[in-house]
Amino acid sequence: MTTDLVIAGFGGQGVLFAGQLLAHAALEADLHTTWYPSYGPEMRGGTANCTVVISDQPIGSPVVARPEAAIVLNLPSLDRYEPLVRPGGLLIVNASLIDRDVRRTDLDVIAIPADDVAAELGSPRLTNMVLLGALLARRPVFTLDHVAKTLEAVLPERHRHLLPANRAALERGAELADAVEVAAATG
Amino acid sequence: MSIELLKGNVAFAEAAVRAGCEAYFGYPITPQTEALEHMARRMPELGRVFVQAESEVAAINMVYGAAAAGVRTMTSSSSPGVSLMMEGLSYMAGSEVPAVLVDVMRGGPGLGNIAPAQGDYLQIVKGGGHGDYKMIVLAPANVQEMIDLTVLAFDLADRYRIVTVLLADGSLGQMMEGATLPPLRPLTERPAWALTGARERDTNLVSSIHLDPEELARFNDHLQAKYAEIEANEVRFEEHRLDDARVGVVAFGTAARVAKTAIAAVRDEGVAAGLLRPISLWPYPEAALRALAERVDALLVVEMNAGQMVEDVRRVVEGRVPVRFFGRTGGIMPMPEEIADAIREVADAAGAGAPEAQPQEVNA
């Protein structure tokens, strides 16, 4: 069993951290995992993406030409990754920042206004967790409990007070994804 | 010891700390800077030496000095920075001081870019600096090996009084993977030849100058004898799915791990491919490669450069089987699909492809 996905957006949207959290969760579950970031010369801003592979087997390539799933947090990332997701794959879209529809009809598409949901939950920094919750609803590699526990283990002490909000964001994202019917093409 | 999610650059830096590195000198350059950052924090914490030098030229000469004083020492950099160190490396070879260099290779030539590449193979494996010298070169392919081979690099450097290079690339430096760090080792004793202050003993000299030609020739003979000993004892490689292979892929580092994914894909179609992965690039696994060439139909060399290690493969194989090459330059990592296509082509050309589907009997 191998799951691979790309998470992409602007620097600062928690793209790299969301991927790291998945990789940590995979290790905690005794699975193999690789986390591979895009990296550029910029110190802040710019675009960021990471590829996460999770498998019960040792992992060869940490990069994938056509990921099985993608979470896109901004329009440039949708433009880049929409054509690349494997047919029948999963595409999760941050509808707060992306006002165009997904053109492909052979994907399971979940569009969530994740920035707005995060704001409702009290912090714009929860966007990545809302989208991660949606991913886990569709790809239950781990339970939300497992991911929340992993988060507790990896979060520095000074951020521990944010755990309940992060947990709520994961749950809200999962609920919103569950409300979207799986596209017929993928069913 | 537990498994942790570690970035390659942090993993090798911490492994060096645990192996007893007492002095680190470096200059920041992407994609290896996280190592320097880690050392900047860790070394002073342990009362050890960290210096951010004014340049790579200065850094390698500081390493030379620390090595002459008999402490475990290292530097790390990426391709353009490593080019600046070539003079120092030759002097260190000529002085027989042990040290570790990590080259997290990026796209070249020139400033190139900061993406993963393997274009420093010839420079590092064949020399780069002047004169007849060798460095032991170890090529990790995952974060665990970034750790294990760094520890080994210090041990080999000390054992043979030689510079040992960990030849990694931007992908291995930047990626995170589960890995286990070794315990913190006690610091090593100063060796008897080191410059430790000559009170109550004869003076030691660490130098690479031998003005008398006969004396320099004898010194070269001594170096060559040492290199022959290393060639006899320190060859390391991995064989992966080679038992029944008709096509042998030869690749190191990141190219090798991507090739493993490609090999799994073509094997599902019935193409019997396997991988020989040199871990020591010098000394090169010549006997294993020669033996492989005796039993496969063709070899495919995969590298993230325009064709460098392939020169060694052709040298060793001596025309026994066709040797093909697939490479990507520009800091572009080859995708498993591209390598799989290259394997299929090589297999077809050598008549080692997937068995044709049996013709179906047609009822008239």
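Residues numbered from 1 in each chain as written. Chains lettered and ligands numbered in written order. Predicted model: local features only at pLDDT ≥ 70, side-chain atom pairs only at ≥ 80, totals over all residues. Heavy atoms only, no water.

Participant: Explanation requested: the interface of chain A and chain B in the structure shown.
Facilitator: The interface is formed by 19 residues belonging to chain A together with 24 residues belonging to chain B. Summing both sides of the interface, chain A and chain B together bury roughly 1600 Å²; the carbon and sulfur share of this comes to 71%. Three residues, A:L27, A:W35 and A:Y39, lead the burial of chain A against chain B; their summed loss comes to 35% of the area buried on that side. There are 0 salt bridges connecting chain A and chain B. Linking chain A to chain B there are 4 residue pairs in polar contact (both at pLDDT 80 or more). The set of elements that each furnish at least two residues to the side of chain A that touches chain B consists of α1 (15-28) and β2 (32-37) of chain A. With 5 residues, the single largest contributor to the side of chain A that touches chain B is β2(A). Per-class residue counts for the side of chain A that touches chain B are 12 nonpolar, 7 polar and no charged. In terms of strand pairing, β2(A) meets strand β8 (residues 176-179) of chain B through 2 bridges, oriented antiparallel. (Contact = heavy atoms within 4.5 Å. Buried area = accessible area lost by both parts, 1.4 Å probe. Salt bridge = Lys/Arg side-chain N within 4 Å of Asp/Glu carboxyl O. Polar contact = N/O pair within 3.5 Å; in protein donor to acceptor, adjacent residues only side chain to side chain. Helix = DSSP H or I, 4+ residues; strand = E, 2+ residues; numbered from the N terminus. Nonpolar A, V, L, I, M, F, W, Y, C, P; charged D, E, K, R; others polar. Pairing = 2+ DSSP bridges.)

Participant: Looking at this structure, how should I read the domain arrangement of chain B?
Facilitator: Accessible area lost when the parts come together is the quantity often used to give the size of an interface. Residue and element names in this part refer to chain B. Split into domains, chain B comes out as domain 1 (4-186 + 209-233) and domain 2 (238-349). Each of domain 1 and domain 2 has a C-alpha centre, and these two points are 26 Å apart. Counting residues at the interface gives 34 residues for domain 1 and 25 residues for domain 2. Interface area, domain 1 with domain 2, both sides summed: about 2300 Å², of which 55% is carbon and sulfur. For the pair domain 1 and domain 2, the interface holds 3 salt bridges. With a closest N to O distance of 2.7 Å, E145 and R277 form a salt bridge. The set of elements that each furnish at least two residues to the side of domain 1 that touches domain 2 consists of α6 (121-126), β6 (136-138), α7 (143-160), β7 (163-169), α8 (170-174) and α9 (213-233). Here the element with the most residues in the side of domain 1 that touches domain 2 is α6; it accounts for 4 residues. For the side of domain 1 that touches domain 2, a count of residues per class yields 21 nonpolar, 6 polar and 7 charged. (Domains from an automatic or database assignment.)

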